[in-house]
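Tertiary structure, described
Now for the letters of each chain:
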Amino acid sequence: MKIRDNIAAMAGYVPGEQPRSQDMIKLNTNESPYPPSPAVFEAIQRVLTGDSLRKYPDPIGSEFRKAAATVLGVEPDMILPGNGSDDLLTIITRTFVPEGGLLVSPTPSYILYKNLAEIQGARFTQIPFDLDWKLPTSWPTPDADLTFIPNPNSPSGTFLSHEELRNVHRQLSGPLVIDEAYVDFAPKNAIPLVREGAIITRTLSKSYALAGIRFGYAVADAKLIHEFIKVKDSYNCDVVSLAAASAAILDQDYLRSVCDKIIDTRHRSEKELKALGFQVTPSHTNFLWCHHERMAAKPIYDRLREDKILVRYMNYGSFGDGLRISIGSDHEMDRLMTSLRNFL
Ligand SMILES: Cc1ncc(COP(=O)(O)O)c(C=O)c1O
């Protein structure tokens, strides 16, 4: 059996650990500590008691496209739903990047981009952030087939302004994807840049508390969405997730109240971590990227794990390592601080 060389050579993406035991405080994959909107449960209930499970879903998710378009102030044909935003990142890569082509992202950032390049048999170049988490003003890879910039970024939680994004975009001959997985926790989104040709991807896994149903969407010029539809699986979103996501995105009041609560907890947690001797990068997300002044990141991760608190230890080789801590409920963050106080 001949496996394609690029697949045989790659290690494969390793997602954050998903322990099945309920007694772990889970602060490692940026899920919401709060439930989704009550409207989501009602929408799922309607699907389960109706007749739709028997039939295929709407292939392009028209109801969701209409709902999202209203909320974002764009046209429905500028929206493409996906099975999580990872699905959209895959569709976009397959659309633009030929075998041997070039895919680019900043580093340290979302690790999956590298795997998408590897699967495609493409080259992958990483553009390093500087020490202030800024990108080079003169962009080194203007001819890339596709460039991903997560904004806000993971693991840093830092945020680039429209001007900084525009500066990169202007230099590119190929498309720019702004991965806005965490944008609901940030001061601004990049929807205005879509009119200038940028592509945006979003997820309902974080701010909407729907990681379990797998749902994301892309926003782009309708002509590009038309091309993406050719590449995607025919039915990439199921009836349950489409109904849940449509209800979730229409309940913006609930979204804001949950995000505001998480941001409050983030502010408090940042202060408490600093008081414990951590250097914490200012965050515009639902997580904090930090290093302790005296103790290495890995042993802190290990000690927290022994206390049944799971955070994300990330090692970026020459860029160093650190802890990425998702913002949990106030109670969960209190447990984290108590545990840290006990051994630091
Ligand atoms: C920057 C970034 N983009 C995309 C995703 C994927 O989100 P989804 O759950 O919608 O696939 C994540 C998830 O951690 C992320 O951190």
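Described below are features of the structure shown in this document.

What follows deals with the site of the ligand. Surrounding the ligand, one finds Gly84, Ser85, Asp86, Tyr110, Asp179, Ala181, Tyr182, Thr203, Ser205, Lys206 and Arg214. Here an oxygen atom of the ligand and a backbone polar atom of Ser85 are 2.6 Å apart. Ser205 places a polar side-chain atom, nitrogen or oxygen, 2.7 Å from an oxygen atom of the ligand. Against a free-state accessible area of 400 Å², the protein chains account for coverage of 92% of the ligand. In this structure, the ligand is accommodated by the largest pocket. In terms of residue class, the shell around the ligand is made up of three nonpolar, four polar and four charged.

Along the polypeptide, Asn151 turns up in the loop between strand 5 (146-150) and helix 6 (162-171). A polar contact of 2.7 Å, which involves the side chain of Asn151, links it to the backbone nitrogen of Leu160. Those residues in contact with Asn151 that lie beyond four places of it in its chain are Thr158, Phe159, Leu160, Leu165, Ile178, Asp179, Glu180 and Val183.

We now examine the sheet that holds strand 5. Read across the open sheet, the seven strands follow the order 2-8-7-6-5-3-4; overall the sheet is mixed. Pairing within the sheet leaves two strands with one partner each, and these edge strands are strand 2 (79-82) and strand 4 (123-128). Neighbour-to-neighbour, the strand axes of the sheet open up by a mean angle of 20 degrees, direction not taken into account. Bridging between strand 3 (residues 102-107) and strand 4 involves six bridges; their strand directions are parallel. Across the sheet, residue Ser105 finds its bridge partner in strand 4, namely Gln126. Strands in contact with helix 8 (residues 222-231) are strand 2, strand 7 (199-203) and strand 8 (216-219); relative to strand 2, the strand with the most contacts, it is inclined by about 30 degrees.

Among all positions in helix 11 (residues 297-306), only Ala297, Ile300, Tyr301 and Leu304 are buried. Seen end-on, helix 11 carries its buried residues on one side only, within an arc spanning 100 degrees. Residues of helix 11 that are buried sit in contact with strand 9 (278-280), strand 10 (287-292), strand 11 (309-315), strand 12 (321-326) and helix 12 (330-343). Where helix 11 terminates, the next one or two residues include Lys308, which has phi positive at roughly 65 degrees.

Moving on: the nonpolar core. The biggest cluster of nonpolar side chains holds 77 residues, and the ones touching the most others in it are Leu336 and Leu340. Among the elements that make up this core, the one with the highest residue count is helix 10 (residues 252-275) (six residues). In terms of nonpolar packing, the next biggest core, distinct from the first, is built from 20 residues, Val97, Leu112, Phe148 and Ala220 among them.

Applying the stated criterion across every chain, the model contains one cavity of 30 Å³ or more. Estimates place the volume of the largest cavity at around 70 Å³. Taken together, Pro35, Pro36, Ser37, Ser207, Tyr208, Ala209, Ala248, Asp251, Tyr254, Leu255 and Val258 form the lining of the largest cavity. Its residues assigned to classes, the lining of the largest cavity shows eight nonpolar, two polar and one charged.

What follows is about the layout of surface pockets. Rolled over the atoms, a probe sized like a water molecule indicates the empty space that remains. Within this model, the largest pocket holds a volume of roughly 600 Å³. Lining the largest pocket are 28 residues, with Tyr13, Thr29, Asp86, Tyr110 and Lys206 sitting closest to its centre. Class assignment of the residues belonging to the lining of the largest pocket gives a composition of 12 nonpolar, nine polar and seven charged. The volume enclosed by the second largest pocket comes to roughly 500 Å³. Among the secondary structure elements, those contributing two or more residues to the lining of the second largest pocket are strand 3, helix 5 (112-120), strand 4 and strand 11. The element best represented in the lining of the second largest pocket is strand 11, accounting for four residues.

Here the focus is the packing of helix 10 against helix 12. Interaxial distance between helix 10 and helix 12 falls to 11 Å at its minimum, and their mutual angle equals 5 degrees. The angle between the axes of helix 10 and helix 12 places the two elements in the roughly parallel class. Listed contacts from helix 12 to Thr265, Arg268, Ser269, Glu272 and Leu273 of helix 10 are Asp330, Met333, Asp334, Met337, Leu340 and Arg341. Taken together, the residues that form the contact of helix 10 with helix 12 break down as four nonpolar, two polar and five charged.

Moving on to unusual backbone geometry. Omega for the bond connecting Thr107 with Pro108 falls within 30 degrees of zero, at -5 degrees, which places this linkage in the cis form. With respect to the helices and strands, Pro108 occurs in the loop between strand 3 and helix 5. Of the consecutive residues Asn151 and Pro152, the connecting peptide bond is found in the cis state with omega at -5 degrees. On the secondary structure map, Pro152 appears in the loop between strand 5 and helix 6. Positioned with a positive phi, Trp133 is a non-glycine residue whose angle comes to about 60 degrees. Position of Trp133 relative to the elements: it lies in the loop between strand 4 and strand 5. Note on Trp133: relative accessible area 14%, which makes it buried.

Here is what the cut-offs are and how they apply
Residues numbered from 1 in each chain as written. Predicted model: local features only at pLDDT ≥ 70, side-chain atom pairs only at ≥ 80, totals over all residues. Heavy atoms only, no water. Near = heavy atom within 4 Å. Polar contact = N/O pair within 3.5 Å; in protein donor to acceptor, adjacent residues only side chain to side chain. Areas by Shrake-Rupley, 256 points an atom, 1.4 Å probe, with all protein chains shown as cover. 1 Å grid on protein atoms, 1.4 Å probe; cavity = no way out; pocket = protein on both sides within 12 Å on 5 of 7 lines; lining within 4 Å. Sits in = over half its atoms within 2 Å of the grid points. Nonpolar A, V, L, I, M, F, W, Y, C, P; charged D, E, K, R; others polar. Helix = DSSP H or I, 4+ residues; strand = E, 2+ residues; numbered from the N terminus. Contact = heavy atoms within 4.5 Å. Pairing = 2+ DSSP bridges. Axes fitted to C-alpha atoms, helices over the stretch in contact; angles between N-to-C directions. Buried < 20%, exposed > 50% of the residue type's maximum accessible area, 1.4 Å probe, protein only. Arc of directions from axis to C-beta. Core = buried A, V, L, I, M, F, W, Y, C linked by side-chain atoms within 4.5 Å. Points joined across faces, edges and corners; volume = space filled by probe spheres on them. Parallel < 35°, antiparallel > 145°, perpendicular 65-115°, else oblique.

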